[in-house]
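# Structural description and commentary
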Number of protein chains: 2
Amino acid sequence: MTQFRLTPTVAKLPSTVPFVGPETQERARGKPFDARLGANESVFGASPRALAAMAAADHWQYGDPENHDLKHALADHHGTTPDHIIVGEGIDGLLGYLARMMVAPGDTVVTSEGAYPTFNYHVAGFGGTLHKVPYLDDHEDPAALFAKAAEVNAKLVYLANPDNPMGTAHRGEDIVQSLQALPPQTLLLLDEAYVECAPEGTAVPLPPGDPRLIRLRTFSKVYGLAGARIGYGIGAPDLIAAFDRVRNHFGVNRAAQAGALAALEDTAWLAHVQAQIRSARARIVQIATDNGLTSLPSATNFVTIDCGADDALAKAVLDGLVARGIFIRMPFAAPQNRCIRVSCGTDLMMDAFAAALGPALRDAKKG
Amino acid sequence: MTQFRLTPTVAKLPSTVPFVGPETQERARGKPFDARLGANESVFGASPRALAAMAAADHWQYGDPENHDLKHALADHHGTTPDHIIVGEGIDGLLGYLARMMVAPGDTVVTSEGAYPTFNYHVAGFGGTLHKVPYLDDHEDPAALFAKAAEVNAKLVYLANPDNPMGTAHRGEDIVQSLQALPPQTLLLLDEAYVECAPEGTAVPLPPGDPRLIRLRTFSKVYGLAGARIGYGIGAPDLIAAFDRVRNHFGVNRAAQAGALAALEDTAWLAHVQAQIRSARARIVQIATDNGLTSLPSATNFVTIDCGADDALAKAVLDGLVARGIFIRMPFAAPQNRCIRVSCGTDLMMDAFAAALGPALRDAKKG
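Just so it is clear, the model here is predicted, and its values are computed rather than measured.

At the junction of the two partners, chain A supplies 78 residues and chain B supplies 79 residues. In terms of residues, the side of chain A that touches chain B owes the most to one element, helix α5 (residues 90–102) of chain A, which gives 5 residues. Considered class by class, the residues forming the side of chain A that touches chain B number 37 nonpolar, 24 polar and 17 charged.

Before going further, it helps to examine the sheet that holds strand β3 (residues 108–112) of chain B. All names here are of chain B. Read across the sheet, 7 strands follow the order β2-β8-β7-β6-β5-β3-β4 without closing on themselves; strand pairing throughout is mixed. With one partner strand each, in any of the chains shown, β2 (85–88) and β4 (129–133) form the two edges of the open sheet. Averaged over all neighbouring strand pairs, the angle between strand axes comes to 20°, with direction disregarded. Where β3 meets strand β5 (residues 156–160), 2 bridges bridge the pair, whose relative direction is parallel. Bridging from a neighbouring strand, V109 pairs with L156 of β5.

When chain A is brought onto chain B, the operation consists of a screw motion whose angular component is 180° and whose axial shift is 0.0 Å, with 0.0 Å RMSD remaining. Such a combination of turn and shift is consistent with a two-fold rotation axis. Among all residues of chain A, the one whose C-alpha sits closest to the rotation axis is A55 of chain A, at a distance of 2.8 Å. Take the interface residues of chain A: 100% of them recur as interface residues in chain B, which is what a same-surface contact looks like.

All right, on to the domain arrangement of chain A then. Residue and element names in this part refer to chain A. Taken as a whole, chain A is organised into domain 1 (19–42 + 268–366) and domain 2 (48–265). Using C-alpha coordinates to define each centre, domain 1 is positioned 25 Å away from domain 2. On the side of domain 2, 22 residues touch domain 1, which itself brings 21 residues to the contact. Those elements that place two or more of their residues in the side of domain 1 that touches domain 2 are α11 (267–290) and β10 (302–306). Of the residues forming the side of domain 1 that touches domain 2, the biggest block, 4 residues, is contributed by α11.

Rules behind the numbers
Residues numbered from 1 in each chain as written. Chains lettered and ligands numbered in written order. Predicted model: local features only at pLDDT ≥ 70, side-chain atom pairs only at ≥ 80, totals over all residues. Contact = placed C-beta atoms within 7 Å. Helix = DSSP H or I, 4+ residues; strand = E, 2+ residues; numbered from the N terminus. Nonpolar A, V, L, I, M, F, W, Y, C, P; charged D, E, K, R; others polar. Pairing = 2+ DSSP bridges. Axes fitted to C-alpha atoms, helices over the stretch in contact; angles between N-to-C directions. Least-squares fit on C-alpha atoms with pLDDT ≥ 70 in both. Domains from an automatic or database assignment.

Given below as structure tokens:
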């Protein structure tokens, strides 16, 4: 018998994986996917300046534990001071730190049914109790989230704007309005991973130090650096300082620090990718329409397509696409799981998706 | 007032940094160091094949959450199966996971006075109580560690072999002997970060599935990939599987996965670096001798030099070296803090160290 004794909290947890990676599926099917459209990565890639900075990084040196240069650049970018910025190992890493900082066994947390599973994984991982509210017309429902937070005395409430997996968004000023109902004992965790893909006015128009929320951003989406594992939070200095109690100070890899800094500076590349995303979104919508399906309005780098029936049909369509070399995912909870979720791709990938959707749909309806 | 409520455990923690990075010191002094010899990084760099693999990585794609290819290669390397291997975000990341898995408030953990501070940071961070035993003749003292573990009913005991910051090592078979005194309720965390720098026979000659311990290895030292943040653990499958309860599944960056795999395969580069390390170690010893100082025997990629008096003198020597552009560190606890710790460097860096040590020592003795 192995000589380890887990904590009571960890002993109760399952060994689990929030998401199965496409590589796992590729190994199972014995060949790579033709189109990798399931993880909302940016197939358009990172800024060439970012790639050059990463290639030039001295990998033999530990990264700067202060993330000084990037933190200062981000502070400038957001018109604030570095003590409002925490840089971490992607939003996943920052979510883990936040859960650890705030969630002890029995603490309550609120999110939406079917929202980001990795957040739920971290909350459950520290013994927290999750309360979930349903989506409203395929949008996250701030009023219901904050009402539930008041009801259960939540320490944290999670809201993604734009939302994943539905791609829908609220206007920033509407979120600000709804914040009047946020209970004073609850911190809003506002996940803005996709905000650079969204229409003007989606980011909350609030000062970086607003004490009611922390905003999370990432270089994994529009900046094309998912593999580099780097993201950041914007919040009040006392909350930002608290990360230093728990974070892995040398956790951000050196190449990512250099790459993110260069990516942030390359606004021309950002605009280029944003245009590519708009174009690919329109293409996905068209492909859906061509197959008699409707799409949800998207403020992200993916489009959610309504398969028009239940989760069984959507799952069959997904399986049919995967079998035809198209990696996609679908929402986890009803009734959103009547949909499939398709990331923006290159023209070639969109062609492959277009060719596969009709047959996948036909087979699914026969099934 | 910011609307966050920390857990009772985190509320008691200080905002802290286990190590101040050299970049922080460089910003304070307004210029870069001439020789970066303080963090036991490998100035000889990573395998060119590893660097090429990292440059070719698709940074826009998330890494494989299973770390499949690297895990399989490591299993082959150690003559075992992949379920004995956990890949993580450097040893620091794996230490954090282990502390989280096993340490709840009030749990006891044993380490040596002056051993790796980041381990202590993680244990304290989960509310654990640390018990420390002194070094014995500048070596970690397994017998004392295991006796203390029995006395305090420790869940975990930490032992680095070779040791950091002293550079000394025990023979693997001596560790195996001493394991007879390891209490059955205690897991040994054997940190072998430097084992590839050590003489044959330093690694413990135990099967990978031995239930009494987990061994931690890294690509940060001899493999020259400190900035990439990747390491691994070797242990019994039930313990290895438990990491899936808490780890950040997508936490290892994609370039690091590719780089570590290539580094592991490039045994010629490993031999090259090992030779460089032996040569640089001899040079550091010679420089110390030239200045009337003695060195400790080193099984690592650094040499610990005895300044011959107390911590005040060692600190003055360190400050004098830093002022002369040489970044080094020193042990944290008495009586080991009579020493300074110098990482292996290139010939140019060793020349810079040689030129600076004499004046630094003279000033320190005057001071």
